[in-house]
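Fold and geometry: a report
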Amino acid sequence: MGKALRPCPAGDGVPLLSAAARAIDGLRRGWPVVIGADGQAIALLPVETADATRLAAFDPDHRADLLLSASRAATLRLANQAAAATPGQAVQVMRAPWIDFDVAVALADPALDLSTPLKGPFRAIPVTSPQLAAAALELARIAGLLPAFFVREAEASADALSPADIAAAEDAANLHIATRARLPVSAAEGAEIVAFRSADGGDVHVALVIGQPDGTPPLVRLHSECLTGDVFGSLKCDCGPQLQAALQAMAGSGWGILLYLRQEGRGIGIVNKLRAYALQDQGFDTVDANVRLGFAVDARDFRVAARMLTLLGQTRVRLMTNNPDKVAELGRAGIDVVERVPHRMTPNPHNARYLDTKRDRTGHQL
Ligand SMILES: Nc1nc2c(ncn2[C@@H]2O[C@H](COP(=O)(O)OP(=O)(O)OP(=O)(O)O)[C@@H](O)[C@H]2O)c(=O)[nH]1
Ligand SMILES: [Zn+2]
């Protein structure tokens, strides 16, 4: 963590703030960031939140190229499928005089792919620093933005955000228990809620402890945030029913722990998930929608869950899931999953295809 915590430049009144947190905040406001390491640096302007005026200030000579994810570039036929198969890999698109801000938006956002054919030709050129470019795409994902930037080389400086800073932004090791309190819920009146904060200022994760620890491995559910399903009762997924059924099962089994992980949209954020839904309205399935947006099929990191369980003193668990990745990742992070408990919900006409896709394309045991 040490490197990620760095004083702001003297005089701005903020004593200590994570470098990545500041960059994430800046990107959401459409400000440029500089990422650097090993004597190299790139300056980046986020396509989603910038505008033509900011682009003119960032790039007065009209020379900045575009940085896209390899999977988005493959959809645009700018890179081959093999490159796209490597998650996180970036592709640089050479700037041509006619590539203005609006063309960049069309390159970044697949929403209009079907209705407005893109102009061209676009030329993919080698990425100057693949490591810095991959870190930039990761930063966009953490910020909940489309993975697309205007990019130009920058002066290397000690103040640049490094790929290590970006990796630390979601480092589970930085998590600690901030507070805990009694929370009677309909499934269990004696429940307790525990909040986990990260030293790097990332999202606050929460655990709901149902019943009393009795020395047996708890029934555990890793629930990734789903605003649409958890709050609005969306029928497009099975999250809402899974959440309620998990709490009921824990209450029925004696005790359990529900981890409410702030991994909306399998880690791509609410706006990007809703973009994925818009693509699903056009006929793409949940996997292809993520890939067309330029993201991994599943961008979650379950080490955060392992850290939370460890902080709660529970390293042997019975895990409610159909997702083999959750079992494997917890195991790698030192949690002994003594049993996988299937967690299937009855499909409805709106989520049947989604559940079939999980079974057929992401290895879910459904
Ligand atoms: N990107 C994206 N995320 C989705 C979509 N549908 C649901 N989600 C998100 O997927 C996550 C829910 O996944 P989980 O309930 O953990 O499901 P899972 O990984 O299939 O595993 P289990 O339910 O444990 O078997 C939530 O963050 C939802 O917001 C979608 O079409 N696209
Ligand atoms: Zn959902």
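Right, let's walk through the structure included here. The structure displayed is predicted, hence computed values, not measured ones. (Residues numbered from 1 in each chain as written. Chains lettered and ligands numbered in written order. Predicted model: local features only at pLDDT ≥ 70, side-chain atom pairs only at ≥ 80, totals over all residues. Heavy atoms only, no water.)

The next point concerns the coordination of the zinc ion (ligand 2). Bound to the zinc ion (ligand 2) are the protein donor atoms C226 (SG), C237 (SG) and C239 (SG), situated 2.1 to 2.2 Å from the metal. Mapped onto the polypeptide sequence, the residues donating to the zinc ion (ligand 2) form the spacing pattern C-x10-C-x1-C. Here C239 lies in helix α9 (residues 239–253) and C226 lies in the loop between β12 (219–224) and α8 (227–230), a separation of 13 residues in the sequence. Just as C226 is buried, C239 falls in that class too. (Donors = N, O, S within 2.8 Å, 3.2 Å for Na, K, Ca; no water. Helix = DSSP H or I, 4+ residues; strand = E, 2+ residues; numbered from the N terminus. Buried < 20%, exposed > 50% of the residue type's maximum accessible area, 1.4 Å probe, protein only.)

If you check the backbone angles, D38 has positive phi at about 50 degrees while not being a glycine. Relative to the helices and strands, D38 resides in the loop between β3 (33–37) and β4 (40–46). We note that R266 has phi near 55 degrees; this positive angle belongs to a residue other than glycine. Along the chain, R266 falls in helix α10 (residues 264–267). R266 sits in the buried class, given a relative accessible area of 17%.

Let us now look at the site of ligand 1. With respect to spatial proximity, 24 residues lie near ligand 1, and among them R221, R300, T321, K358 and H364 are the closest. Between ligand 1 and the protein, one listed contact pairs an oxygen atom with a backbone N or O atom of R266 at 3.3 Å. A distance of 2.8 Å separates an oxygen atom of ligand 1 from a polar atom in the side chain of N323. If ligand 1 stood free it would expose 660 Å²; the protein chains cover 99% of that surface. Every element with two or more residues in the shell around ligand 1 is listed here: β12, α9, α10, α11 (270–281), α12 (286–293) and α15 (352–361). When grouped by side-chain class, the residues that make up the shell around ligand 1 number 5 nonpolar, 11 polar and 8 charged. (Near = heavy atom within 4 Å. Polar contact = N/O pair within 3.5 Å; in protein donor to acceptor, adjacent residues only side chain to side chain. Areas by Shrake-Rupley, 256 points an atom, 1.4 Å probe, with all protein chains shown as cover. Nonpolar A, V, L, I, M, F, W, Y, C, P; charged D, E, K, R; others polar.)

Right, let's talk about the sheet that holds β12 for a bit. Paired through backbone hydrogen bonds, the strands of a sheet run either parallel or antiparallel to each other. Across the sheet, 7 strands lie side by side as β9-β10-β11-β13-β12-β14-β15; this open sheet has mixed pairing. Unpaired on one side and paired on the other, β9 (175–182) and β15 (336–341) mark the two borders of the sheet. For this sheet the average axis-to-axis angle between neighbouring strands, irrespective of direction, equals 25 degrees. With 5 bridges joining them, strand β10 (residues 192–198) and strand β11 (residues 205–210) adopt antiparallel strand pairing. Residue E192 lies in a different strand from β11, and its bridge partner there is V209. (Pairing = 2+ DSSP bridges. Axes fitted to C-alpha atoms, helices over the stretch in contact; angles between N-to-C directions.)

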